[in-house]
Amino acid sequence: MLKNIGLVWLKDDFRIKKNLALIEATKNHDQVVAFFLYKKRKFENQEAQGWWVSQSLKEFKKRLFELNINLEVLKTESYKAFFQKLFCRKNFSIYWNKTYEPNYIKFDNFLSKNFKDKGINYTIFKGNILNEYEEVKKNDGTPFKVFTPFWRVSEKYYNEKIPSKEKKISKCKKKISFFSNTISEDEIKPKKNWFNKFEKFWIPNEENALKELKIFLKERVEDYSEARNFPNVIGTSKLSPYIKHGQIHVQTIMDECYKIKKKGISKFLAEIGWREFNHSLINHFPHMLKGNYSKKFDNFPWQKNLKYLSAWKKGLTGYPIVDAGMRELYSTGWMHNRVRMIVGSFLVKHLLINWVEGEKYFKNLLLDYNQANNVSGWQWVAGCGADAAPYFRIF
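Let me sum up the structure you'll find in this document. (Residues numbered from 1 in each chain as written. Predicted model: local features only at pLDDT ≥ 70, side-chain atom pairs only at ≥ 80, totals over all residues. Heavy atoms only, no water.)

Some points on the packing of helix α13 (residues 320-332) against helix α15 (residues 355-365)
- As a packed pair, α13 and α15 sit with axes 9 Å apart at the nearest point and diverge in direction by 35°. Along its contact with α13, which presents Met326, Leu329 and Tyr330, the element α15 presents Tyr361, Phe362 and Leu365.
- Across the contact of α13 with α15, the residue classes break down as six nonpolar, no polar and no charged. (Axes fitted to C-alpha atoms, helices over the stretch in contact; angles between N-to-C directions. Helix = DSSP H or I, 4+ residues; strand = E, 2+ residues; numbered from the N terminus. Contact = heavy atoms within 4.5 Å. Nonpolar A, V, L, I, M, F, W, Y, C, P; charged D, E, K, R; others polar.)

Here you go:
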């Protein structure tokens with residue numbers, strides 16, 4: 001047992017189960033402090049997630065309190081500025097789980113070099129993913145660009161791994177504080193109060209994520225292959241916000257699904273596969289985060305029509321299914337996947353407005369916003385992404 005303090009940097013991993021960074025910290029230290037960095041600029045264009053993160057921190061703080069772990073929330077202008085100050089402190093080791101976005105991966109390299117140079121113990125763990133994106137490649141060593149062969153290889157690779165013994169978090173001896181100038185979680189909430197409606201639909205914590213998975217597998221997965229196609233039916237799992245914020249690990253979902261033999265399981269797990277594929281894409285082809293994956297679309301004659309764009313955002317286009325979807329998004333922070341395809345197709349193929357505008361709006365209002373899924377999804381609909389629907393396909 002190390003005598004110094006164990007720090008755990010939380011980002012999108014508000015869970016006890018399969019939280020490798022927390023587990024290792026409590027194994028090595030009697031005193032552990034978890035911390036979350038609130039970067040105001042980030043949430044200025046991810047307002048809905050400001051509500052989810054604020055609620056998640058409150059809920060997770062209670063769970064960690066029972067384990068004698070303090071969760072401290074700190075405000076910073078940049079991650080780099082925060083860690084530059086932390087490099088000057090001593091008597092701690094630090095742990096965190098990976099976030100699979102190019103900027104975070106690059107920042108992990110920056111932190112690794114600096115912690116090593118300062119002689120500070122650090123450990124980075126696998127995050128909320130089945131396989132590291134570098135592990136799944138074609139026979140020639142190049143990354144997949146088509147989903148079906150990717151998922152076939154990826155699922156096989158995951159299943160052939162020797163399962164590791166489930167580790168659990170240990171209770172710490174004493175709760176301590178480490179940082180000064182902490183802030184309240186409420187400061188992260190968006191300034192608009194439209195998010196009050198969200199509380200009718202969501203309980204952002206790990207317990208509810210596990211409960212929703214259990215209900216879905218018991219009551220809905222058998223009909224999932226068909227039911228997921230109808231927005232008027234509660235046929236999907238609605239786990240996406242919990243997955244995004246790490247309140248449930250995708251490995252937990254896979255493992256629970258493999259325990260039951262029901263029709264619909266393979267189709268449901270393919271959705272986890274798309275998430276894996278999208279993370280692989282943005283890390284192997286990061287240019288798609290700033291523009292089209294397919295350069296052939298770079299000179300597409302998009303229309304700039306603020307009137308039409310505004311009507312689309314407000315659900316006032318006059319097309320009932322489009323308007324219903326956009327209003328559902330504003331009211332609940334979520335939209336049925338089939339409707340996402342419809343409203344996306346309407347924006348780019350009827351109104352001829354650049355998919356970037358839709359991606360930006362979804363980013364601000366989706367509780368389950370995930371960089372890989374959102375960018376890849378919009379490019380898939382527009383026809384300019386990897387393994388995309390043909391540009392002339394209308395949903």
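Quick look at the sheet that holds strand β1 (residues 5-10)
- Spatial ordering of the open sheet is given by β3-β2-β1-β4-β5, a layout of five strands whose pairing is parallel. Single-partner strands in this sheet number two, and they are β3 (70-75) and β5 (122-125). Taken over all neighbouring pairs, the strand axes of this sheet differ in orientation by 25° on average, direction set aside.
- As judged from the five bridges shared by β1 and strand β4 (residues 92-97), these two strands associate in the parallel manner. Its bridge partner being in β4, Ile5 is matched across the sheet by Phe92. (Pairing = 2+ DSSP bridges.)

Section: helix α16 (residues 371-382)
- The terminal C-alpha atoms of α16, which comprises 12 residues, lie 17 Å apart, in line with the 16 Å expected from a rise of 1.5 Å per residue.
- Across the 12 residues of α16, nine count as buried, placing the element largely inside the fold.
- Buried within α16 we find Gln371, Ala372, Asn374, Val375, Ser376, Trp378, Gln379, Val381 and Ala382.
- Buried residues in α16 make contact with α5 (102-118), α11 (265-284), α12 (306-314), α14 (337-350) and α15.
- The N-cap of α16, judged by a side-chain oxygen 2.9 Å from the amide nitrogen of Ala372 a few residues on, is Asn370.
- Phi turns positive, to about 95°, at Gly383, one or two residues after α16. (Expected span 1.5 Å × (residues − 1). Buried < 20%, exposed > 50% of the residue type's maximum accessible area, 1.4 Å probe, protein only. Polar contact = N/O pair within 3.5 Å; in protein donor to acceptor, adjacent residues only side chain to side chain.)

Some points on the packing of aromatic side chains
- Under the definition given, this model contains 49 aromatic pairs.
- Between Trp52 and Tyr242, the ring centres sit 5.1 Å apart and the planes meet at 75°, which makes this aromatic pair edge-to-face. Of this pair, Trp52 sits in helix α3 (residues 47-65) while Tyr242 sits in helix α9 (residues 240-244), and the two are 190 residues apart along the sequence. With respect to burial, Trp52 and Tyr242 carry one shared label: buried.
- Ring plane angle 45° and centroid distance 4.4 Å describe the contact between Phe300 and Trp302, whose orientation is recorded as tilted.
- For Phe300, a relative accessible area of 32% gives the class partly exposed. (Phe/Tyr/Trp six-rings, centres within 6.5 Å; stacked < 30°, edge-to-face > 60°.)

Here's the deal with the packing of α11 against α16
- Orientation of α11 relative to α16, taken along the N-to-C sense of each, is 90°, at an axis distance of 8 Å. For the element pair α11 / α16, the angle class is roughly perpendicular. Listed contacts from α16 to Trp274, Arg275, Asn278, His279, Leu281 and Ile282 of α11 are Gln371, Ala372, Asn373, Ser376 and Trp380. (Parallel < 35°, antiparallel > 145°, perpendicular 65-115°, else oblique.)

Digging into the pairing of β4
- Summarising burial for β4: six of the six residues are buried, a large majority.
- In β4, alternate side chains face the same way, and those of Phe92, Ile94 and Trp96 on one face and Ser93, Tyr95 and Asn97 on the other are all buried.
- Pairing geometry for β4 and β5, over four bridges, is parallel. Its bridge partner being in β5, Ile94 is matched across the sheet by Tyr122.
- For the crossover that starts at β4, traverses α5 and ends in the parallel β5, the hand is right-handed. (Right-handed = clockwise from strand over helix to strand, strands pointing away.)

What to know about helix α1 (residues 20-28)
- With seven of nine residues buried, α1 is to be regarded as a mostly interior element.
- Every buried residue of α1 is accounted for by Ala21, Leu22, Ile23, Glu24, Ala25, Thr26 and Asn28.
- If you follow the buried residues of α1, they end up packed against β1, β2 (32-38), α3, β4 and β5.

What to know about the pattern of salt bridges
- Scanning all chains against the criterion turns up 20 salt bridges.
- For the salt bridge of Asp186 with Lys58, the shortest nitrogen-to-oxygen distance reads 2.7 Å. Residue Asp186 is located in the loop between α6 (147-160) and α7 (206-219), and its partner Lys58 is located in helix α3; the two are separated by 128 residues in the primary sequence.
- Residue classification places Asp186 among the partly exposed residues on the basis of a relative accessible area of 38%.
- As a salt-bridge pair, Glu160 and Lys156 come within 2.8 Å of each other at their nearest N and O atoms. Placement of the pair is Glu160 and Lys156 together in helix α6, with a separation of four residues, close to one helical turn. (Salt bridge = Lys/Arg side-chain N within 4 Å of Asp/Glu carboxyl O.)

Focus: the nonpolar core
- Ile253, Phe268, Trp312, Met326 and Phe362 are the most contacted members of the largest nonpolar core, which totals 70 residues.
- If you tally residues by element for this core, the top one is α11, at eight residues.
- Core analysis: the second largest hydrophobic core is formed by 27 residues, Leu10, Ile16, Ala21 and Leu71 among them. (Core = buried A, V, L, I, M, F, W, Y, C linked by side-chain atoms within 4.5 Å.)

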